[in-house]
Amino acid sequence: MSLIDKAVEALYGSKKYGELSSLYKLFDETVCDAIALELSDKLNLRNSTRAFDKIYVDLQWIDKIPLASFVTPQKDLNGHKITNKTEIGDLFIQYRHTNAYPRDGNEEIHSYCHRALVVQAKLASVEKPKVPIGYVNRKRVNSTTKELKLLESWPTFDMYETSRSSQALVRGLSVKLEDVPFSFYGGFSNQSKSWFFGKAKNTEVCNKSFSDIIVELANNNAGKDVNHDSAWETITSEITKTCKNRKMPPSIARKIESRHKSKGINEGVLYSFPAPLVYIFHRIWDKFLSMFRGKKMLVVTIDRVSYEGIDMDKYR
C-alpha cells in the first residue's frame, strides 16, 4: 500500500461515517505529509548543490461550493429535464510545477504546468462502486443525476456562488472535454474504510485509490491544464481564490499565487510572521470556523517548486 493510502486508512476508526464526515476526515496534516513524501519519491526530484525540487502540500476548505446552472435545456440519464443548479463538486485538487531562480537578488518564477481535477464525493454501499454511486431517482431529477450530467458532459453553464444567488459569478462557461479525465467520483466504503475513485462516466467502476489520482495528476495522466482552457481557469480561480499554499516560502508564494484577502484575515500581517507560525495560525482558524460551517469543498493544493542557483539554498 502506498504512503498516501496508508495515511488515509489510518484516519478512520471503527465507527460508521456519513457522506460529509468521511470526506472531512481527509483534512489532516498526515495526509499532507504523505502526499509530499510519495510524490518526492515517484517524481524523481532533483537534488544537487545548484538545483533541487521540493514538494509543498496544503489542505484547505471553502464554505461556498460553486454551482452550475445549464444555459440550454439538459436532460439527465433517465431523460428528465434539469431545471435547477447543481454543485460543481466536493473535492478539488490542483497541482502546480514552478521553476524558481535568482535574478538581480530576487526570485523569479516560471510556470511549467498547472493542472486540476474535481471530485464528487459519495457514500458507497459496496467496494469499487459504479458511477454515479449515489441514489438515482428513475421518476424525476435528483442531485445525483444533475451532478453526473455536469461532470460527464460539461454542458455550457453559468456559475453561481451559492444556491440562493440570483446573480451569476460568470456566464457562459464551456469546459472542453478531453481524453485525460479531470472530473471524478469518489466513494467511501464503511466496510473497508477505504476510498474508491473513478472518472465521471455513467457505469464506470471506481477502482482507483486516493494515491492513484494524486500521482496521475502529478504525472499529467489526470486533471485538466488550467492554462489551456479559459473556462477551467475561471472555475479554478473562483474555487481557489481564497486558498494559498501556506507551506511555500512567502516570497515564492506571492509570485505563484494572486493575493486575495480572506475575510477577517490580513495577509500582509500574516506574512510578516515566520511561515510555520502562519501555518499554525491558519490551522487553528480553520478548525474554529469548521464548527459553524455547513457543507464545504475541500481544496488540496500541491506545489512542486524547482529551485535553481546557489542563492536558493535557503529554501532547502
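Rules used in this analysis
- Residues numbered from 1 in each chain as written.
- Predicted model: local features only at pLDDT ≥ 70, side-chain atom pairs only at ≥ 80, totals over all residues.
- Heavy atoms only, no water.
- Helix = DSSP H or I, 4+ residues; strand = E, 2+ residues; numbered from the N terminus.
- Buried < 20%, exposed > 50% of the residue type's maximum accessible area, 1.4 Å probe, protein only.
- Contact = heavy atoms within 4.5 Å.
- Areas by Shrake-Rupley, 256 points an atom, 1.4 Å probe, with all protein chains shown as cover.
- pLDDT = per-residue confidence, 0-100.
- Phe/Tyr/Trp six-rings, centres within 6.5 Å; stacked < 30°, edge-to-face > 60°.
- Axes fitted to C-alpha atoms, helices over the stretch in contact; angles between N-to-C directions.
- Parallel < 35°, antiparallel > 145°, perpendicular 65-115°, else oblique.
- Left-handed = near helix turned anticlockwise from the far one by under 90°.
- Nonpolar A, V, L, I, M, F, W, Y, C, P; charged D, E, K, R; others polar.
- Pairing = 2+ DSSP bridges.

1. Remarks on the overall build of the protein
Move 1: Helix and strand counts for the protein come out as 9 helices and 13 strands.
Move 2: Going through the 316 residues of the protein one by one, you find that 53% of them count as buried.
Move 3: Sequence-distant contacts in the protein: of pairs separated by 6 or more residues, those separated by 24 or more amount to 73%.
Move 4: Surface exposure of the protein reaches about 14900 Å², of which carbon and sulfur atoms provide 50%.

2. A word on the confidence of the model for the protein
Move 1: In the predicted model, the protein carries a mean pLDDT of 88, and the fraction of residues at 70 or more is 88%.
Move 2: Per-residue pLDDT stays below 50 along residues 259–276; that stretch engages in 25 contacts with residues further than four places along the chain or on separate chains.

3. As for the packing of aromatic side chains
Each aromatic ring pair is specified by the distance between its two centres and by the angle formed by the two planes.
Move 1: A full pass over the atoms with the stated rule returns 14 aromatic pairs.
Move 2: Ring geometry for F182 against W232: centres 5.1 Å apart, planes inclined by 70 degrees, an arrangement best described as edge-to-face. Placement of the pair is F182 in the loop between β9 (170–173) and β10 (183–189) and W232 in helix α6 (residues 230–240), with a sequence separation of 50 residues. The exposure classification of F182 matches that of W232, with both residues buried.
Move 3: Seen from their ring centres, Y307 and Y315 are 5.2 Å apart, and the 20 degrees between their planes marks the pair as stacked. Across this residue pair, the class does not change: Y307 and Y315 are buried.
Move 4: Among the aromatic residues, those joined into a ring-pair cluster are Y12, Y17, F188, W195, F197 and F210.

4. Here's the deal with the packing of helix α3 (residues 29–42) against helix α5 (residues 210–218)
Move 1: Interaxial distance between α3 and α5 falls to 11 Å at its minimum, and their mutual angle equals 50 degrees. Considered as vectors, α3 and α5 are oriented oblique to each other. In the crossing of α3 with α5, the sense of the turn from one axis to the other is right-handed. In this structure, α3 contributes V31, I35, E38, L39 and K42 to the contact, and α5 contributes F210, S211, I214, V215 and A218.
Move 2: Classifying every residue of the contact of α3 with α5 gives 7 nonpolar, 1 polar and 2 charged.

5. Re the pairing of strand β11 (residues 194–199)
Move 1: The buried count for β11 comes to 5 of 6 residues, which makes it a mostly enclosed element.
Move 2: Relative to β11, β10 runs antiparallel, the two sharing 6 bridges. Paired with Y185 across the two strands is G198, which belongs to β11.
Move 3: In sequence, β10 turns back onto β11 through a hairpin of 4 residues, with K193 there showing a positive phi of about 55 degrees.

6. Digging into unusual backbone geometry
Move 1: Between V131 and the following residue, P132, the backbone shows a cis peptide bond with an omega angle of 15 degrees.
Move 2: Relative to the elements of secondary structure, P132 occurs in the loop between β7 (106–124) and α4 (143–153).
Move 3: One non-glycine residue with positive phi stands out, namely T203, at about 75 degrees.
Move 4: Residue placement: T203 occurs in the loop between β11 and α5.

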